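Residue strings, one per chain:
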Amino acid sequence: MKKSPLYTAYSGSALLETPLLNKGSAFTVDERIAFNLAGLLPPRYETIEEQVSRAYMQYKSFDTAINKHIYLRAIQDNNETLFYRLLQQHLDEMIPIIYTPTVGDACEQFSDIYRSARGLFISYNDRHQLDDILRNATKRKVKVIVVTDGERVLGLGDQGIGGMGISIGKLSLYTACGGISPAYALPMMLDVGTNNEKLLNDPMYMGLRQKRVGQAEYDEFVALFIQAVKRRWPEAIIQFEDFAQPNAMPLLQRYREQVCCFNDDIQGTAAVTVGTLLAACRSKNVQLSAQHVVFVGAGSAGCGIAEQVISQMVAEGISESQARSQIFMIDRFGLLTDATPGLRDFQQALTQPQKTIESWSYSGEFPSLLDVMNCAKPGILIGVSGQAGLFTEPVIRAMKAGVSTPIIFPLSNPSRQVEATPEQVITWTEGDVIIATGSPFAPVSYNGQQYVIAQCNNSYIFPGVGLGVIAIKARLISDEMLREASKTLAAASPKANNGSGGLLPAFTELAALSKKIAFNVAKVAIKQGLALEVDDVILQQKIDENFWLPQYRQYKRISA
Ligand SMILES: NC(=O)C1=CN([C@@H]2O[C@H](COP(=O)(O)OP(=O)(O)OC[C@H]3O[C@@H](n4cnc5c(N)ncnc54)[C@H](O)[C@@H]3O)[C@@H](O)[C@H]2O)C=CC1
Ligand SMILES: CC(=O)C(=O)O
Ligand SMILES: [Mg+2]
């Protein structure tokens, strides 16, 4: 569909320096005259396809993933349309560069590799100038904000201001896979200090050089931030990303009824994991509600997934207490039971009664992961601990001894934090396994068979949810909407539908999948009274209209 012309007052070098508007060598002869660009560009006019060819050639010349990341980010900061066109054409190859695993390195090295401004950095010291700061944003019509405080970046711990890398990466996927115009997407970083000594002692570190502020100051700061966003962009979605466990759930509970927000690590991860589990169970011809499920890492992601697994089991017809009895949460000190001290509220609801384990054989104070494998005989094992190597050979072999075709999801990111590599899991189960990981892994060959490794990552969920919410201006994001996203994902599984192919659709199909998720999620929002009613035809039209594509528009000049 050809877009209408875009009217802009920018011209000359200001136009070339505005990434949302810059077309570089693709400015036409007429535009070069109309916008005072003559002489500022090499004479030859180029199409976006020609620009993509050059950019890809340059991209290929970099040897390391981090240098490729720096190069792609430079294009993004220079010409967003070209960046997304390049990404669209090489999605499989470039997603691991702009997102996990390489984004983890980019967050760790954020200050070292910093090049140019993007998004908003809001430091605690600026808490009384929030309205001014939000007014300074280069984008006026913001519809999606990804905000982090950098305290738990992937499985890499406190990265302070480096968390901005993850906000940028998530929003790149919102655009590349969910069609959200980059003009509407704003990454944000709340800088409240860092407890990472390495960063505090690093002369290059660009964030506040102090320990994180105390809880009362923190809560007040976040409250001021939420109020300021509500004043400036009342309809914007706020995606909380990579907040540490003490703040993730409390912030979600505090704000989810006040603003259109969600926590990606709790809710997005739950939606993608339950969707992938449903696909796995379907392809194995079993019910999720018949499984014992073990989680390693009873944090934001683990407890978020567990609660959604319980809802799904109840929807399949078992009682809630039965469903809870089938969930085994393991953290640093072993299985969580009602005798485990110091648990948070959301963990307490997921403990096993001590009396359940009375007949178990174990030696420590609480059963270890290996004990749980031997005694609970789970069909499903999920890793969300952020700790590499926890799924050891004895653990996987013990699981396999208790069940045929175990479902094993080591979901921690980035790749180097994975609980076990797909190759290890496939070898130790002798190839009889259904596996998905959080970061991308290459297919594994075992005994003459190729195993495609599904990437169970919340990036399958948030672009579509965001698109649906924006299309109908939903007021809030409900659990039911996220459950619908999960169901839509499960229904798109090639393996569950055809008995072969990947457990999840390929990333290259994510744009089409996001539109389906958007449609279904929007319908639920309408049904729940969270958005104005529209019929299906109009709804589809709104989704299509909101789906931005990386193509240049013709520019017309308006006087400043
Ligand atoms: N695939 C995906 O889409 C997603 C993956 N994740 C990954 O999950 C991991 C955890 O994220 P969150 O739950 O938000 O963090 P979190 O910090 O809230 O939870 C991690 C939990 O693991 C526990 N843990 C640490 N060492 C352990 C050990 N040796 N044994 C058992 N438990 C241990 C911690 O005590 C903590 O409770 C991260 O690596 C993150 O990258 C998170 C969100 C989405
Ligand atoms: C994928 C994601 O959100 C995480 O690892 O934190
Ligand atoms: Mg995250």
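Position numbers for residues start from 1 in each chain and track the written sequence from start to end. Note on labels: chains are lettered from A, ligands numbered from 1, in written order. Only residues with pLDDT of at least 70 get local features here, since the model is predicted, and only at 80 or more are side-chain atom pairs given and counted; chain-wide, interface and lining totals rely on the full set of residues. Water and hydrogen atoms were dropped before computing side-chain values, which therefore reflect all heavy atoms in the structure.

- Under an unreviewed UniProt entry, the protein has the name NAD-dependent malic enzyme and belongs to Rheinheimera baltica.
- Annotation of the protein in UniProt includes, under Sequence similarities (unreviewed entry), the sentence "Belongs to the malic enzymes family."
- UniProt positions are given in the numbering used here, feature names are shortened, and annotations may be inferred rather than shown by experiment. Annotation of the protein in UniProt includes, under Cofactor (unreviewed entry), the sentence "Mn(2+)".

**With respect to the packing of helix α14 (residues 264-284) against helix α15 (residues 300-315)**
Here is step 1: In this description, a line fitted to the C-alpha atoms serves as the axis of each element, helices being fitted only across the stretch in contact, and the angle between N-to-C directions of two axes falls anywhere from 0 to 180 degrees. Put simply, DSSP marks the helices as runs of H or I at least four residues long and the strands as runs of E at least two long, and each gets a number from the N terminus on. Following both chains from N to C, one finds α14 and α15 inclined at 50°, their axes separated by 8 Å at the closest point. As far as their axial angle goes, α15 and α14 are oblique. The two elements α14 and α15 cross, and the hand of that crossing is right-handed. Seen from α14, the contacting residues are D265, I266, T269, A270, A271, T273, V274, L277 and L278; seen from α15, they are S300, A301, G304, I305, Q308, V309 and Q312.
Here is step 2: Residue composition of the contact of α14 with α15, grouped by class: 9 nonpolar, 6 polar and 1 charged. In what follows, roughly perpendicular refers to angles from 65 to 115 degrees, roughly parallel to angles under 35, roughly antiparallel to angles over 145, and oblique to any angle outside these ranges. What makes a crossing left-handed is the near helix being turned counterclockwise from the far one by less than a right angle; a clockwise turn instead makes it right-handed. In this description, contact between two residues means that some pair of their heavy atoms is separated by no more than 4.5 Å. The nonpolar class holds Ala, Val, Leu, Ile, Met, Phe, Trp, Tyr, Cys and Pro. Asp, Glu, Lys and Arg form the charged class, and all remaining residues, Gly among them, are polar.

**Things to note about the UniProt feature "domain: Malic enzyme NAD-binding" (unreviewed entry) in the protein**
Here is step 1: According to UniProt, the positions carrying the feature "domain: Malic enzyme NAD-binding" (unreviewed entry) are residues 266-526.
Here is step 2: Taken as a whole, residues 266-526 contains 44% helix and 12% strand, while its terminal C-alpha atoms sit 23 Å from one another.

**Side note on the coordination of the magnesium ion (ligand 3)**
Here is step 1: Listed as protein donors to the magnesium ion (ligand 3) are E241 (OE), D242 (OD) and D265 (OD); their distances from the metal cover 2.0 to 2.1 Å.
Here is step 2: All donors of the magnesium ion (ligand 3) come from a single chain, and their spacing in sequence reads E-D-x22-D. Residue D242 is found in the loop between β5 (237-240) and α13 (245-255), and its partner D265 is found in helix α14; the two are separated by 23 residues along the sequence.
Here is step 3: Each residue is assigned to one of three classes by its accessible area relative to the maximum for its type, calculated with a 1.4 Å probe on protein chains only: buried under 20%, partly exposed between the two thresholds, exposed over 50%. Among the residues examined, D242 registers a relative accessible area of 1% and is labelled buried.
Here is step 4: Judged by relative accessible area, which is 6%, D265 ranks as buried. For Na, K and Ca the donor cutoff is 3.2 Å, while for all other metals N, O and S atoms must lie within 2.8 Å; water is not among the atoms, so some sites may look incomplete.

**Topic: the sheet that holds strand β15 (residues 454-455)**
Here is step 1: A pair of strands is treated as paired once DSSP finds two or more bridges between them. Within the open sheet, the 7 strands sit side by side as β9-β8-β7-β10-β11-β12-β15. Their pairing is mixed. Where the open sheet ends on each side, the last strands, each with one partner, are β9 (334-335) and β15.
Here is step 2: With 2 bridges joining them, strand β8 (residues 327-331) and β9 adopt antiparallel strand pairing. Counterpart to I330 in the pairing with β9 is L335.

**Focus on the site of ligand 2**
Here is step 1: The nearness test applies per residue and asks whether one of its heavy atoms lies within 4 Å of the molecule or strand. Near ligand 2 the following residues occur: Y99, R152, L154, K170, E241, D242, D264, D265, N413, N457 and N458.
Here is step 2: Pairs of N or O atoms within 3.5 Å make up the polar contacts considered here, provided that, within protein, one atom can donate a hydrogen while the other can accept it, and that residues adjacent in sequence are counted only when both atoms are side-chain atoms. Measuring from an oxygen atom of ligand 2, one finds a side-chain N or O atom of K170 at 2.9 Å.
Here is step 3: One of the side-chain N or O atoms of N458 is found 3.0 Å from an oxygen atom in ligand 2.
Here is step 4: Each accessible area is a Shrake-Rupley result for a 1.4 Å probe, and residues are judged covered by the shown protein chains and nothing else. If ligand 2 stood free it would expose 220 Å²; the protein chains cover 91% of that surface.
Here is step 5: Of the residues contributing to the shell around ligand 2, the split by class is 2 nonpolar, 3 polar and 6 charged.

**Some details on the UniProt feature "domain: Malic enzyme N-terminal" (unreviewed entry) in the protein**
Here is step 1: What UniProt calls "domain: Malic enzyme N-terminal" (unreviewed entry) maps, in this numbering, to residues 76-256.
Here is step 2: Between the end C-alpha atoms of residues 76-256 the distance is 32 Å, and the span holds 48% helix and 11% strand.

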